[in-house]
Structure formats: structure tokens, C-alpha cells
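Given next are the chains, with one letter for each unit.
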Amino acid sequence: MTILRKADSFVGVTAAGRSEPGSEPGTPTRTSTRTPTGQRGASASAPAPASETDPFTRATHLRARIEYHDRRYHQLDDPEISDADYDALTRELRLIEASFPEADDDSSPTRSVGAPAAAQFSAVEHLQPMMSLDNVFGWEELQQWDGRNRKIMGVDAAFRYVVELKIDGLAMSIVYRDGEYTRSATRGDGRVGEDVSANVSTIAAVPKRLTTDTPPRLMEVRGEVYMPRQAFVELNDRRTQAGEPRFANPRNSAAGSLRQKDPRVTASRELSFWCYQLGALDGGPAFARHSDTLEFLSECGLPVNPETVVVDSLDAVYERCRHWQEHRHDLPYDIDGIVIKLDDLTHRNELGSTSKAPRWATAYKLPPEERTTLLTDIQVSIGRTGRATPFAVLQPVFVGGSTVAMATLHNQDQVRIKDVRPGDTVIVRKAGDVIPEVLGPVLSLRPADAPEWHFPEDCPVCGQRLERPENESDHRCRNIACPAQAFARIVHFGSRGAMDIEGLGEKSAGLFIEQGLLNDVGDVYTLAQRADELRALDRYGETSIANLLAAIEGSKSRPLGNLLVGLNIRHVGSTMGQVLARAFSSLDALAAASADDIAAVEGVGSTIAQSVAAWFADEDNRELIERLRSAGVNFVGPAAPANPQTLVGVSIVVTGTLAGFTREGAEEAITSRGGKCPSSVSKKTTAVVVGEEPGASKLNKAIELGIPVLDEAAFVLLLETGL
């Protein structure tokens, strides 16, 4: 087993460790006098104190010294000065910036504790998609993941694995341009996230500028913002003393802290950051291995988790997973799994990704925590599609990091199989650390008179008969006017993944339905004409009404894919909504398409196609479409690709210099026509384009595998015709 980075080289210490009362034993203070040895990327010494009396020069020197000491403290765990000395430097810099506004600097380290309020978060399109990870839950599934990769690469492929902790925080994309901190964005839907740049800039572990003399023109890094356990405990103690509700767990409090409108609130929450991936890069060095990129990131001043290791066998991977399963609570922060990545970047390129996740990485999920509690009742909820879902009403219990009072029972068959009954003591698990689930009863504690529970025959909301379609496990309420369905559809329509109408949540939707302001999603766009009725509601003042109406107006320009999600078409989620929007370019074109037309779209199956066609064939839904059209809702999808898609499904490798294309231009010519342009030759390569002074290894590999070799003229013809 090869240790990628020694444990004493990079430790994720946050502002919580500055000798505050209640800090963990062993938390370092700034009184350490250790001398760094062999720490790549660390400055040899602190910037010399400035003797100049000029405030501009003094401020520049102070910023350099504070950033140096932040790096030694937060990233290297090797502070050189005391807390008092550090605070004195910070106070002096703040005084200069306040007295001489011309000497102020937006990137000043003082911003980490006193940034101005931010505007409402805006949408940010990621430079590269932020994909999720597939999960494995044990040795057999880990072997299956590895076996699938070897089936593609060859059973004898020499894999090296990077094993990382899966931090239980919030995924973040951070962009640096010419070494300067520029932007931070949340994952969002993987394509578009929230701009939280001002808030992330307050996190001391995130450097304001990279510590390298030759920074890339552009560098995007991926990582996890998290709240250490001790900071979480102290935050909850402060909230208790202030009479405020306590946060449930560090992950939720970290996410909530990042979404504060005032960055000063974020700064007070003592968040930290681990960097785990290099994203987009322009003007930087070339890399062969993921571990090389982590070394580079740490040399640039970014915090890389010290527990990351490189191993040469799957057995060693599993050994690390078992280790952290036993020692997860020894860490000063929460983890919810172990991430395993292939180290060789060539292997990654050849394996590629599914629509949701890379094949070359997976997350080994740690077993969720389980607790027992009393099941007091079983009830049935009605969702936006009419689905009737039984759920357990529980005596509240703390499990998996949060207090659980309800848990899903899925459907009638699951209730029967588990044989849970009101009055039972049941085992509750946070399935996947997210969804609370009842595993089953503790039969030895069952009351003698506990009756078996039977699924109701009628909808508990509207009273109409529930139906269970043949070959389905779910019961459904077919009454389209069922108040529970209308409520769920309106909430779904305004949700972040659909039309993203801030202020139209469960409480507001319920109140508006109760007051007769809303009956369906089409009524959302009539609220502007009913402002006087909104003013009559106790909860709504002028500011609340203005914000809600502005959010409704803004939703009219949402992309077509979001509208398709919001329309509550069965089987159409965010991914399918984008697929259909790109394929048909307008709502009217999709509405006019037959089920066969829809099924012909790549990635759309017959079940989805029939569901979509049936939705648009419904008279009530067509009437809804016209109401949305009259309201001015966007019905137009993304523009068709500028170039003909002649290379869909084609993989072209380019080697050597071409007369009519730069290297980037050749790649763009391929990808803009739907093709792929990997950096290496494999059995999946369609053709190799050869220019002047080609790489010998790529050319030889193409000849060895019998892959067609094209000159530039043939390449141009290929772009035009796909032949």
C-alpha cells in the first residue's frame, strides 16, 4: 500500500481550532514552532514584516503574511505564531482598510470574517458536468464494479486505485483564473448550480490565490465543503443559548450555512473544505494519474485529505473500506462512505461514463445506523401522480444523523412481507443515509392484541376507490381532482428541479389551496391578478408578495426541460426532461408527436413514450397547456446543434500536427458533431487521424488493432459525411 500523502502533512483544521473553549483535545494552536521538512508547495518562511509606513504597501505585506499563516495553520497543521499575534495582524489590516478605502482589496483575507451581504444566488453553468457516483455496499458489489471495468479494458489490466474518504458535506466547484479565486458553485443538477462565490470566499481553508509562481490560465477544482464535528457542537450550543432551534447534523448545517444571503453568517459557521478532484484546466501541466493531480492541487495551496492513499489491488481497497467502517467516528468530521477511483487517467478516458456517473469511480457506502422505536400508526399519503404510499408514524428517534418521526413502508406488499403493525417496536434504518426505512418488527416485544394492518380500499383524502393496476405494486387514486394530488402537483411545479419558484413551497401551496387561490398549476400565473387577496392573508406583507410574484414571473423563462419536469408527466424526471427538450425543441412539437416518434429518441423507452403521449392526449392537460401559453411560459427548447451530427457514436483520436486545425480545433470539430475525442487509442476507437510528427505509440497501437488511419483530407471528408 502506497501512502499518497502523509497524515501529518495536510490536516483539515478550520477556524474552530483556534484555541477556542471546547475545542477537541490535541487541536493545534498557533504556538507550534515545528520546522517543516519535505513539505512540497510550502513557503520556506513567512513574508518579512514591512517597515514601510505607506498604508498601501503595509496592507499588501499584511495580506501576504496573513495568507501565509493561514496556509501553515489550515493546510499544513504547522502554525508559527500564536493566536494573539495572528489576531493583531488581522486587526491592523482591518484598520488600514477602514481608514484608507483606496488600500482595500476584494480578495483580502479579512473578507473571511467580514464580507458584505450577497445578492440572491444566481444560476451557474458548470465548466464540466458535476456527475454523481454509483454506490456499492459490500465486497461482492465492489468486485462486480471492478469486473465490469476489466471486461471493457481487458481482464489483465493493471489497475491502481486511489482510495479517498467520502466526506459528508456539500459538493463544490471552485474556479481560479490566473491563480486568483474567481467563482464557487454548488452541484445543483450537475449541469447548473448555485453561485455561492461570496460565501465560499469566507472559508479560510479555500485559498484566495494559488501558491504557485506559474498558475494555470484557468483551473477548476472539485471538493467538499463540510462542518467539523466540534464546530457543529459549538454552533448548536450557541443556538441553544440564544433560544434558536438546533441543527440536525453537520452536513445539513454546512449546506444551510452556504446558502445564507449574508456571507458574514457563513463566516461565523466555521466551515472547511477538502479538495478531491481536478476539473477543467487550461494552461496547466499534463497528467498521467489522478494521484499526480492531487499532488499538483496540494502544491497550489489547496487542502487534500491526508487519508487519501494509492493501492495496487482490490483486496487492499477493501481493507481500507473495512478500516474506515470501524474507525469512521475517530475522524473529526463525518464520512458516509469511501470513494474508489482508478488512478490511470488513460483508463478513465477509455471507460467513460454513463449518463449519471463515471464508470471509473464508485462509492463504497458504509452501513447505515439502525435504531429501534415505537410504531404508533400506519397511514397512507397520496402523491402528485396519485400513488398511495403507506408510511409509519414513529415515536421520534435519532438515527443516521437526524431525528426521524416518519418512515416509508413503500407499498402494500412490503407491509405484508414485513408484517409491521401499530404498537410494534420496529427497527428503523436510514437507507443510504437519506431515506428512513422500517426494516421490520421486534416480534418478542409485539403486544398480544396488535391487529394486522390492511391497506385501505378508498383514498384517505377524497374518498374515491384506490386501484392497483395489473403487474404494479402501487395503489393509485385515479381522481385527478383529488386535493392531495393537486397540492403535490403544485408543490412539485414550483420545486427547484422544475420551475424553481421560491416562496411556493408546501406551506404556501397549502394555504393558497385552502383560500381558493389555487386549484392547479395553471392558477400559479393568475396570482399576480389576485394580489389584493394575497394581502388579506396574515403571512403575506408587501415584500413577501413582491418576492413571490417576481419568482413566478421569472419562472416563465425557465428552460423547456424544466417545464416538462414541472408538468408532472409520469416517468419524466430532470434527465428525461432535458432529453425530450433537445429532441423536439418545442412543447408543441412534443405534443404533436406520436408514441412511436417519442420512442425513436435515443434513451427513451416505450413505457416513457406511451406515458408522455398519453399525457398530451388528455383534454384537461391540453387545456392546461393553453393556459400556460397565455401566461407567457416558455415553450421553446434548446437550439439544434450548429453542425450536423455526423459523428454520433464515433470515437476519433488525433495525433500529430494538422495544417488546417489546431489541436483544440480538431477536438471541437469532432465533439460538436456528436463524436468523442479520447486521448488514447483502444479497441473502441473508430479511426486515428494522423498529422505531421504523430505520436509513435498511438500510430503503432492503431496499426496493431487494425484501426483505420486517416490523413487530414480524409478527416475533413469524415467531418462532412460521417463516412
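Residues numbered from 1 in each chain as written. Predicted model: local features only at pLDDT ≥ 70, side-chain atom pairs only at ≥ 80, totals over all residues. Heavy atoms only, no water.

### Brief notes about the packing of aromatic side chains
And then number 1: This structure, assessed with the given rule, holds 13 aromatic pairs.
And then number 2: Measuring from centroid to centroid gives 4.9 Å for Trp 139 and Tyr 318, while their planes differ by 40°, and the two rings are tilted. Linking Trp 139 in helix H4 (residues 139-153) with Tyr 318 in helix H10 (residues 314-327), this pair joins segments that are 179 residues apart in sequence.
And then number 3: Under the relative-accessibility criterion, Tyr 318 is labelled partly exposed at 23%.
And then number 4: Here Tyr 226 and Trp 274 contribute two aromatic rings whose centre-to-centre distance is 6.2 Å and whose plane-to-plane angle is 5°, an arrangement assigned as stacked. Of this pair, Tyr 226 sits in strand E8 (residues 218-226) while Trp 274 sits in strand E9 (residues 272-282), placing them 48 residues apart in sequence. No difference in accessibility class separates Tyr 226 from Trp 274, as the two residues are buried. (Phe/Tyr/Trp six-rings, centres within 6.5 Å; stacked < 30°, edge-to-face > 60°. Helix = DSSP H or I, 4+ residues; strand = E, 2+ residues; numbered from the N terminus. Buried < 20%, exposed > 50% of the residue type's maximum accessible area, 1.4 Å probe, protein only.)

### Section: the confidence of the model for the chain
And then number 1: For the chain, the average pLDDT comes to 83, and 87% of its residues sit at 70 or higher.
And then number 2: When the criterion is pLDDT under 50, residues 73-79 qualifies, and its contacts beyond four places in sequence or with other chains add up to 48 contacts.
And then number 3: Note that residues 113-119 has pLDDT below 50 and, in this model, 19 contacts with residues that lie over four places away or in other chains. (pLDDT = per-residue confidence, 0-100. Contact = heavy atoms within 4.5 Å.)

### Quick word on the environment of Cys 477
And then number 1: Structurally, Cys 477 can be placed in strand E19 (residues 475-477).
And then number 2: Residue Cys 477 is classed as buried on the basis of its relative accessible area of 3%.
And then number 3: Non-local contacts of Cys 477, meaning those with residues more than four positions away in its chain, are made with Ile 382, Gly 386, Cys 459, Cys 462, Leu 466, Cys 482 and Gln 485.

### A closer look at the environment of Lys 684
And then number 1: Mapped onto the secondary structure, Lys 684 falls in the loop between helix H23 (663-671) and strand E21 (687-690).
And then number 2: Classification of Lys 684 by relative accessible area gives partly exposed; the value is 48%.
And then number 3: Residues Lys 684 and Ile 152 lie 532 residues apart in sequence; the distance between their C-alpha atoms is 9.3 Å.
And then number 4: Excluding residues that lie within four positions of it along the chain, Lys 684 makes contacts with Ile 152, Glu 350 and Ser 651.
And then number 5: In this structure the side chain of Lys 684 is engaged in a polar contact, spanning 3.5 Å, whose partner is the backbone oxygen of Glu 350. (Polar contact = N/O pair within 3.5 Å; in protein donor to acceptor, adjacent residues only side chain to side chain.)

### Let's talk about the packing of helix H13 (residues 483-493) against helix H14 (residues 506-514)
And then number 1: H14 packs onto H13 with a crossing angle of 135° between their chain directions and a minimal axis gap of 9 Å. Considered as vectors, H13 and H14 are oriented oblique to each other. As H13 runs across H14, the sense of the crossing is right-handed. Contacts between H13 and H14 involve Ala 486, Phe 487, Ile 490 and Val 491 from the first element and Glu 506, Ala 509, Gly 510 and Ile 513 from the second.
And then number 2: When its residues are assigned to classes, the contact of H13 with H14 shows six nonpolar, one polar and one charged. (Axes fitted to C-alpha atoms, helices over the stretch in contact; angles between N-to-C directions. Parallel < 35°, antiparallel > 145°, perpendicular 65-115°, else oblique. Left-handed = near helix turned anticlockwise from the far one by under 90°. Nonpolar A, V, L, I, M, F, W, Y, C, P; charged D, E, K, R; others polar.)

### Some details on the pairing of strand E5 (residues 170-177)
And then number 1: When you tally the buried positions in E5, you get seven out of eight residues, the bulk of the element.
And then number 2: Sheet topology places E5 next to E8; eight bridges connect them, and they run antiparallel. Residue pairing across strands places Leu 170 opposite Val 225, the latter belonging to E8.
And then number 3: Pairing between E5 and strand E6 (residues 180-186): six bridges, direction antiparallel. Its bridge partner being in E6, Met 172 is matched across the sheet by Thr 186. (Pairing = 2+ DSSP bridges.)

### Examining the environment of Ile 335
And then number 1: Structurally, Ile 335 can be placed in strand E11 (residues 335-342).
And then number 2: With 31 residues separating them in the primary sequence, Ile 335 and Leu 366 have C-alpha atoms 8.6 Å apart.
And then number 3: Ignoring anything within four residues of it in the chain, the contact list for Ile 335 reads Leu 165, Lys 166, Ile 167, Asp 168, Trp 324, Arg 328 and Leu 366.

### What to know about the sheet that holds strand E22 (residues 709-710)
And then number 1: Here three strands make up an open sheet; going across it, the order is E20-E21-E22 and the pairing parallel. Sheet topology places strand E20 (652-655) and E22 at the edges, where each strand pairs with a single neighbour.
And then number 2: Strand direction decides the pairing type here: E20 and E21, joined by four bridges, are parallel. Counterpart to Val 653 in the pairing with E21 is Val 688.

### Focus: H10
And then number 1: A rise of 1.5 Å per residue sets the reference length of H10, with its 14 residues, at 20 Å; its end C-alpha atoms lie 20 Å apart and thus fit the reference within 8%.
And then number 2: Among the structural elements, H4, strand E4 (161-167), strand E10 (309-311), E11 and strand E12 (361-365) are those in contact with the buried residues of H10. (Expected span 1.5 Å × (residues − 1).)

### Let's talk about unusual backbone geometry
And then number 1: Positive phi outside glycine occurs at Glu 270, with the angle close to 60°.
And then number 2: Here Glu 270 lies in the loop between helix H8 (263-268) and E9.

### Describing the sheet that holds E8
And then number 1: Overall, antiparallel pairing links the four strands, which are arranged E6-E5-E8-E9 in an open sheet. Here the strands that pair on one side only, and so sit at the sheet edges, are E6 and E9. Averaged over all pairs of adjacent strands, the angle between their axes in this sheet comes to 25°, without regard to strand direction.
And then number 2: Lying over the sheet, helix H7 (residues 250-258) contacts E5 and E8, oriented at roughly 40° with respect to E5.
And then number 3: Across the sheet, helix H9 (residues 290-299) is in contact with E8 and E9; its angle to E9 comes to roughly 110°.

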